[in-house]
Amino acid sequence: MDYGKYLYRQNKKHRKERQRQRHTLKEMKFYPKIEAHDYETKLRHITRFLNEHNPVRIQIWMRGREKVHPELAEKLAKRILKDTGDISKLQGELKPINHRVQFQLMPKGGNIAQIENEGSSKKEI
């Protein structure tokens, strides 16, 4: 094998590894006074992102008089955690930052490299 072919294969291998490492952080913004349909729609989006193995940052913004009642934001955060608990895990903790509550959900299960390796091994058989 010549050196050019060796370099080509190495570059191809490194590109594939970098592609596996890439996780796109998705963000979802909520407000404490969210209607049921809007909540379900956003929850479906979060579920889709997690099923695609992307981490999701959730921010619950409080406006005006909502800032006086931060317990509403925490109640909504716990509801989101409960509804996505079977496919996600909380990374870190709930962080109240000025007028918002922020947290990040990670998909449960293995990382992307493990999942893609399992998929490629099934194709070879």
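This text follows the structure it describes.
My aim in this report is to walk through the structure given alongside it, one point at a time. (Residues numbered from 1 in each chain as written. Predicted model: local features only at pLDDT ≥ 70, side-chain atom pairs only at ≥ 80, totals over all residues. Heavy atoms only, no water.)

**Overview of the pattern of salt bridges**
Here is step 1: Summed over all chains, the structure comprises 2 salt bridges.
Here is step 2: We note a salt bridge from Arg-57 to Glu-27, for which the minimum N-O separation is 3.1 Å. With Arg-57 in strand 2 (residues 56-61) and Glu-27 in strand 1 (residues 26-30), this residue pair connects regions lying 30 residues apart in the sequence.
Here is step 3: Residues Arg-48 and Glu-52 are paired through a salt bridge, measuring 3.9 Å at the closest nitrogen-oxygen approach.
Here is step 4: Looking at Arg-48, the relative accessible area reads 41%, which means it is partly exposed. (Salt bridge = Lys/Arg side-chain N within 4 Å of Asp/Glu carboxyl O. Helix = DSSP H or I, 4+ residues; strand = E, 2+ residues; numbered from the N terminus. Buried < 20%, exposed > 50% of the residue type's maximum accessible area, 1.4 Å probe, protein only.)

**Re the packing of aromatic side chains**
Here is step 1: For the structure on display, the rule yields 2 aromatic pairs.
Here is step 2: On the numbers, 6.2 Å between centres and 55° between planes, the contact of Phe-30 with Tyr-39 is tilted. The same class applies to Phe-30 and to Tyr-39, which are both buried.
Here is step 3: When the ring centre of Phe-30 is taken as origin, the NZ or CZ atom of Lys-42, which lies over that ring, is 5.5 Å away.
Here is step 4: The ring of Tyr-31 carries Arg-63 above its face, with NZ or CZ at 4.0 Å from the centroid. (Phe/Tyr/Trp six-rings, centres within 6.5 Å; stacked < 30°, edge-to-face > 60°. Lys NZ or Arg CZ within 6 Å of the ring centre and 35° of its normal.)

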